[in-house]
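Residues per chain are reported as follows:
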Amino acid sequence: MAWRLYALELSRLEGTAGEVLSGAVWEEGYPARFEPLEAPWEARRAPPVPWPEPLYFVDGRERAEAVLSDGRRLALLGCVAAGALVYRQGNMGLLETRVRRVGVGLEEALRLGGLVYEPLPLEGGPGPGDPLPALQEGLRKARALLEEEVAGGLTGGLLIVDGPVRLRRRDPVLGYIKTHWARYLPEGKEALLFALKPGERTPMFRVHRGGQALASWYLRLPLPPEGVRPPESGLLRVETPLQEGASALADLSLSLFPALASHPVKDPRAPQNLLPVGGLERELARRMGSREVVGRLLARHLGGG
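First things first, this report covers the structure right here in the doc. (Residues numbered from 1 in each chain as written. Predicted model: local features only at pLDDT ≥ 70, side-chain atom pairs only at ≥ 80, totals over all residues. Heavy atoms only, no water.)

**Some remarks on the packing of aromatic side chains**
Stage number 1. Summed over the entire model, instances satisfying the criterion amount to six aromatic pairs.
Stage number 2. Relative to Phe-205, the ring of Phe-34 lies with its centre 6.1 Å away and its plane at 40°, an arrangement referred to as tilted. Here Phe-205 lies in strand E9 (residues 205–209) and Phe-34 lies in the loop between helix H1 (17–20) and strand E2 (55–69), a separation of 171 residues in the sequence.
Stage number 3. On the basis of an interplanar angle of 55° and a centroid distance of 5.6 Å, the ring pair of Tyr-176 and Phe-257 is categorised as tilted. You can see Tyr-176 sitting in strand E8 (residues 173–177) and its partner Phe-257 sitting in helix H4 (residues 246–260), a full 81 residues away along the chain. Phe-257 shares its class with Tyr-176; the two are buried.
Stage number 4. Counting every residue linked through ring pairs, the aromatic cluster contains Phe-34, Trp-41, Tyr-184, Phe-205 and Tyr-218.
Stage number 5. The lysine or arginine in question, Arg-237, covers the ring of Tyr-184, its NZ or CZ lying 4.0 Å from the ring centre. (Phe/Tyr/Trp six-rings, centres within 6.5 Å; stacked < 30°, edge-to-face > 60°. Helix = DSSP H or I, 4+ residues; strand = E, 2+ residues; numbered from the N terminus. Buried < 20%, exposed > 50% of the residue type's maximum accessible area, 1.4 Å probe, protein only. Lys NZ or Arg CZ within 6 Å of the ring centre and 35° of its normal.)

**Some points on unusual backbone geometry**
Stage number 1. Of note, the bond from Ala-39 into Pro-40 is cis; its omega dihedral lies within 30 degrees of zero at 0°.
Stage number 2. By the secondary structure assignment, Pro-40 is in the loop between H1 and E2.
Stage number 3. Of note, the amide linkage connecting Glu-53 to Pro-54 takes the cis form, showing an omega dihedral of -5°.
Stage number 4. With respect to the element layout, Pro-54 can be found in the loop between H1 and E2.
Stage number 5. Located in the positive-phi region is Gln-89, a residue other than glycine, with phi close to 55°.
Stage number 6. Residue placement: Gln-89 occurs in the loop between strand E3 (74–88) and strand E4 (91–104).

**Re the side chain of Glu-65**
Stage number 1. Among the secondary structure elements, Glu-65 is positioned in strand E2.
Stage number 2. Classification of Glu-65 as buried rests on a relative accessible area of 5%.
Stage number 3. Engagement of the side chain of Glu-65 in a polar contact is seen with the side chain of Arg-63, the distance being 2.7 Å.
Stage number 4. Within polar-contact distance, the side chain of Glu-65 engages the side chain of Tyr-117 at 2.6 Å.
Stage number 5. Apart from residues lying up to four places away in sequence, Glu-65 is in contact with Leu-8, Leu-77, Gly-78, Cys-79, Arg-101, Tyr-117, Val-294 and Leu-298. (Polar contact = N/O pair within 3.5 Å; in protein donor to acceptor, adjacent residues only side chain to side chain. Contact = heavy atoms within 4.5 Å.)

**Observations regarding helix H6 (residues 291–302)**
Stage number 1. In this model H6 runs 16 Å from its N-terminal to its C-terminal C-alpha over 12 residues, within 8% of the 16 Å that 1.5 Å per residue would give.
Stage number 2. Looking at H6, one finds that the buried residues are Val-294, Gly-295, Leu-298 and Leu-302. For H6, the angular spread of the buried residues around the axis is 100°, confining them to a single face. Of the residues in H6, the exposed ones pointing more than 90 degrees away from the buried face are Glu-292, Arg-296 and Arg-300.
Stage number 3. In this structure, the buried side of H6 is in contact with strand E1 (4–7), E2, E3, E4, strand E5 (110–112) and strand E6 (115–120).
Stage number 4. Backbone geometry just after H6 places Gly-303 at a positive phi near 65°. (Expected span 1.5 Å × (residues − 1). Arc of directions from axis to C-beta.)

**Brief notes about the nonpolar core**
Stage number 1. Residues Val-58, Leu-76, Leu-139, Leu-159, Phe-205 and Tyr-218 are the most contacted members of the largest nonpolar core, which totals 36 residues.
Stage number 2. Listing elements by their share of this core, those giving two or more residues are E2, E3, E4, helix H2 (132–152), strand E7 (158–162), helix H3 (187–195), E9 and strand E10 (212–220).
Stage number 3. The greatest single-element share of this core, amounting to seven residues, is contributed by H2.
Stage number 4. Core analysis: the second largest hydrophobic core is formed by 31 residues, Ile-160, Tyr-176, Trp-217 and Leu-274 among them. (Core = buried A, V, L, I, M, F, W, Y, C linked by side-chain atoms within 4.5 Å.)

**Quick word on helix H5 (residues 275–288)**
Stage number 1. The terminal C-alpha atoms of H5 lie 20 Å apart, and with 14 residues this matches the ideal 20 Å at 1.5 Å per residue to within 8%.
Stage number 2. Phi for Gly-289, located one or two positions after H5, is positive at around 90°.

**A word on the pattern of salt bridges**
Stage number 1. Using the criterion set out here, one finds 23 salt bridges in the structure.
Stage number 2. Between Arg-140 and Glu-137 there is a salt bridge, and its shortest N-O distance comes to 2.7 Å. Of this pair, Arg-140 and Glu-137 both sit in helix H2, three residues apart, which is roughly one turn of the helix.
Stage number 3. In this structure, the salt-bridge partner of Glu-239 is Arg-237, at a minimum N-O distance of 2.8 Å.
Stage number 4. What makes Glu-239 buried here is its relative accessible area of 0%.
Stage number 5. On the basis of relative accessible area, Arg-237 is assigned to the buried category, the value being 0%.
Stage number 6. A single network of salt bridges, built from pairs that share partners, joins Glu-96, Arg-98, Arg-100, Glu-118 and Glu-149. (Salt bridge = Lys/Arg side-chain N within 4 Å of Asp/Glu carboxyl O.)

Structure (structure tokens):
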């Protein structure tokens, strides 16, 4: 049986699929036991230092565009994009962007007018019950792989990625996490998070992910004086591979991230969504094309909906 359009609006699907497909971030690396790397456990500051150059930023986007059904299975059509910026000699510039359409659960390419969805078989199959979480996980991995492709072409300098550090790189890399679904600190150490002032960080602590040891710490970004905010406002969790120079990178992060923080007038995710990354996200969204136009094309070629 041929693929037919099952839904364009994922919120129409029953159960929790809409929430799962909305792009919630899952953090790995929760430590089995807390291992501080610096002492004492108190807020730290560092003198300003020049930014290293070239300073790269890599980020990606993913967008679920439709769910298909052939009567027996579901497949998820989506678009993933990744790009890189570079800061050099006082200027920020766009290096490259890549956009790819994938069909998670497809076994062969699907051509629909000018759109081509590359097949991306499900790893291990959909499993029992609701198949949508597995489809969404496939789309997230497609985005991560595209980000790694872009980052793989960047040498020297310092690379900053939006999200956990998953790639292996000879040169320094910092990953930053804006949302805090997982707890990394024992209850007795968490009080320091809420006492951090803008421009301060916690001591480093050890995190393990995918066989890689990482050094991680929290820092507080500057906050606008107005408004009532939850205590985690302006908190970033930053991480880097645990190797020589990690402590210097932790201090450098206090010169980098506060200066790059966004303002709520221009970005509702401020201050955690950094200025250059917000600009890169808007450029990637533009290159992914209009969701409405894509939806009309899919409805025309696949029917249903």
